[in-house]
Amino acid sequence: MTEIAILGVGLIGGSLALSLKKNEDVHITGFDVVEDNLRMACSLGVIDRGTTHLAEAVAQADFIFLCAPVGKLQELISFLRYTPLKEGAVISDTGSTKVSVMEHAYGFAQRGVYFIGGHPMAGSHKSGVEASHDRLFENAYYVLTPPEGTPNEIVERLKILLAPTHAKVVIMDAQKHDEVVGAISHFPHIIASALVNQVASYNDEMDWYRCLAAGGFRDITRIASSNPGMWRDILLNNRPVMKKLAEDWKQILDQISELIEKADGKGIERFFAEARAFRDGLPEKKKGALQPYFDLYVDIPDEPGVIGRITTLLGQENISITNISILETREDILGVLRISFRSHEDMEQASRVLQEKGYGVYERE
Ligand SMILES: NC(=O)C1=CN([C@@H]2O[C@H](COP(=O)(O)OP(=O)(O)OC[C@H]3O[C@@H](n4cnc5c(N)ncnc54)[C@H](O)[C@@H]3O)[C@@H](O)[C@H]2O)C=CC1
Ligand SMILES: O=C(O)C(=O)Cc1ccc(O)cc1
């Protein structure tokens, strides 16, 4: 039996646990600072047991995954440095930045314990264990940053353990990771939020901005709905790269501003054509990466038996549900039920069936 400890049982820790559980020979202990998250994770079958005692969670573990926010990783690593661990244990993390993590991950090898940085390049703008999914990492890149001198067989052990995620595991230097991921993931979150903030400030004067915001605006700003604390931590842990990207961005904006000022149609067209050529050449998004589940939200009256009636209705139509959770229940006010489906077709069929029965149903991005 392989003992696994997941420290931070949220979206990523929960999804990792669900993927690794596909290998029946694992036992997963979850640690979290929020006891309710552990209770929820146990009841959803994400972890085998939960504890709020860190030393106890890791003592017998063969693999330890740090899945807490980036801002908490250094503190967790420092704790592990002086905590009794099993000889040969492999520690990894899932943080979105790698240089600041690897700088702190010293002092393990001399104890016969190994630290290998990690970053599964798939996720969501949603947070929390309720949003976790066993196929979240399917077809996504999963970057590992082993420090120099890590024995090959240790990296291989970690790769074998990660096989049930069906991610494409790649080895990368931490600095290179932060530069590339800074440009394709971290910086776009700044741009998406900046766009939303710009429109929101105009909207203060005239509500039409909000009303007409649709299509392209919604597509390009989806990630502005991400967890603000998580993105604060990511930016603060990739500062030199973020500063450089912001400076380059200012230049790009100045250039386009000048083209507009000069009414340089050819230049403007070239700007869009270059972007289109690169965008159209991006690899196809394979199913599994980033959007593996489809959620429907159903308004539910606060009355006994309503959830049973909804699930029975869907069962009668042979529509499979992958997850179900109650998001709000307040006295005299409608609650909201979130139902997840494996495919868009299942979700649409469920939406039709429930609306026919008079339920208020909607999708939320
Ligand atoms: N959300 C995403 O799309 C992705 C996130 N990541 C990275 O994975 C990590 C986890 O992110 P999510 O799962 O999205 O966040 P989350 O907010 O869903 O889960 C984080 C969990 O860590 C717990 N936690 C907070 N402080 C802790 C501490 N000191 N010790 C143990 N647990 C603690 C929280 O209570 C929560 O349950 C972050 O480092 C993030 O940068 C990586 C890939 C994608
Ligand atoms: O919601 C999205 O599209 C994301 O950007 C998901 C994501 C968030 C953080 C990461 O480190 C990797 C992927």
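Structure: above.
Computed from a predicted structure; not experimentally measured. (Residues numbered from 1 in each chain as written. Chains lettered and ligands numbered in written order. Predicted model: local features only at pLDDT ≥ 70, side-chain atom pairs only at ≥ 80, totals over all residues. Heavy atoms only, no water.)

Student: Honestly, the packing of aromatic side chains in this entry has me stumped. Any pointers?
Tutor: For any two aromatic rings, the description comes down to two numbers: the centre-to-centre distance and the angle of the planes. Per the counting criterion, the structure on display carries six aromatic pairs. For the pair F187 and W249, a centre-to-centre distance of 5.7 Å together with 70 degrees between the ring planes defines the contact as edge-to-face. Here the residue F187 occupies a position in helix 7 (residues 174–203), and W249 occupies one in helix 11 (residues 239–261), the gap between them amounting to 62 residues. The interplanar angle of 70 degrees and the centroid separation of 5.2 Å between the aromatic rings of F271 and F272 together place this pair among those described as edge-to-face. We note R81 situated over the ring of Y106; from NZ or CZ to the ring centre the distance is 3.8 Å. The ring of Y141 is capped by K168, whose NZ or CZ atom sits 4.5 Å from the centre of that ring. (Phe/Tyr/Trp six-rings, centres within 6.5 Å; stacked < 30°, edge-to-face > 60°. Helix = DSSP H or I, 4+ residues; strand = E, 2+ residues; numbered from the N terminus. Lys NZ or Arg CZ within 6 Å of the ring centre and 35° of its normal.)

Student: Got a minute to help me understand the site of ligand 1 in this structure?
Tutor: The environment of ligand 1 is made up of 28 residues, and the closest members are I12, D32, A68, S96 and G128. With respect to ligand 1, the backbone of V70 contributes an N or O atom lying 3.4 Å from an oxygen atom. Separating an oxygen atom of ligand 1 from a side-chain N or O atom of T94 is a distance of 3.2 Å. Relative to its unbound accessible area of 830 Å², ligand 1 is 90% covered by the protein chains. (Near = heavy atom within 4 Å. Polar contact = N/O pair within 3.5 Å; in protein donor to acceptor, adjacent residues only side chain to side chain. Areas by Shrake-Rupley, 256 points an atom, 1.4 Å probe, with all protein chains shown as cover.)

Student: Is there a simple way to explain the side chain of T29 in this structure?
Tutor: With respect to the secondary-structure elements, T29 resides in strand 2 (residues 26–31). For T29, a relative accessible area of 2% gives the class buried. Excluding anything up to four places from it in sequence, T29 contacts E3, I4, A5, I6, R49, T51 and A57. (Buried < 20%, exposed > 50% of the residue type's maximum accessible area, 1.4 Å probe, protein only. Contact = heavy atoms within 4.5 Å.)

Student: I'm lost on helix 6 (residues 152–162) in this one. Help?
Tutor: Two residues of an α-helix separated by three or four positions point the same way, owing to the 3.6 residues in each turn. Taken together, the buried positions of helix 6 are occupied by I154, V155, L158, L161 and L162. Looking straight down helix 6, one finds that the buried residues subtend no more than 120 degrees of arc, so they occupy a single side. Across from the buried face of helix 6, at angles greater than 90 degrees, the exposed residues are N152, E153 and I160. (Arc of directions from axis to C-beta.)

Student: I would appreciate a short explanation of the sheet that holds strand 1 (residues 2–7) in the present structure.
Tutor: The strands making up a sheet are joined through hydrogen bonds of the backbone, oriented either antiparallel or parallel. Spatially, 3-2-1-4-5-6-7-8 is the arrangement adopted by the eight strands of the open sheet, whose pairing is mixed. In the strand order of this sheet, the two ends are held by strand 3 (49–51) and strand 8 (168–171), each with one partner. Averaged over all neighbouring strand pairs, the angle between strand axes comes to 25 degrees, with direction disregarded. Of the strand pairs in this sheet, strand 1 and strand 4 (residues 63–66) are connected by four bridges, and their pairing is parallel. Across the sheet, I6 pairs through a bridge with F65, a residue of strand 4. Relative to the sheet, helix 2 (residues 35–43) contacts strand 2 and strand 3, its axis offset from that of strand 3 by approximately 175 degrees. (Pairing = 2+ DSSP bridges. Axes fitted to C-alpha atoms, helices over the stretch in contact; angles between N-to-C directions.)

Any functional reading would require information that these geometric values do not contain.
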